[in-house]
Amino acid sequence: MPTSQPDASRSSEDRATPDDLLHARTGTEVSPEDVVLASGKDITPHSLEWARRKLAAEGPAALDKLLP
């Protein structure tokens, strides 16, 4: 019968990377289109307006909040 390994004995490759290390922005401006696509929505006039409002309220962090 197989036994599971405790977390302490796992190699570092078996552990999940924390979210704050996964997000990488290249320093470029975040566009409303970026926010819409990151949210999984289609680009429509309505979704672009939603993204513009979200960017105005949250700034570039709006994109980071949508990414896994």
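Structural data are supplied above this passage.
Residues numbered from 1 in each chain as written. Predicted model: local features only at pLDDT ≥ 70, side-chain atom pairs only at ≥ 80, totals over all residues. Heavy atoms only, no water.

K.L.:
For helix H2 (residues 32-39), give the residues involved together with the corresponding values.
P.N.:
Of the positions making up H2, those classed as buried are Pro 32, Val 35 and Val 36. For H2, the angular spread of buried residues about the axis comes to 100°, placing them on one side. In the segment just after H2, Gly 40 is the residue with positive phi, at about 85°. (Buried < 20%, exposed > 50% of the residue type's maximum accessible area, 1.4 Å probe, protein only. Helix = DSSP H or I, 4+ residues; strand = E, 2+ residues; numbered from the N terminus. Arc of directions from axis to C-beta.)

K.L.:
Kindly report on the nonpolar core, identifying the contributing residues and their values.
P.N.:
Residues Val 30, Val 35, Val 36, Leu 48, Ala 51, Leu 55, Ala 62 and Leu 63 constitute the largest nonpolar core, which totals eight residues. Secondary-structure elements contributing two or more residues to this core are H2, helix H3 (45-58) and helix H4 (61-66). The biggest single contributor to this core is H3, with three residues. In contact with Val 36, not counting residues within four places along its chain, are Lys 41, Asp 42, Ile 43, Ser 47, Leu 48, Trp 50 and Ala 51. (Core = buried A, V, L, I, M, F, W, Y, C linked by side-chain atoms within 4.5 Å. Contact = heavy atoms within 4.5 Å.)

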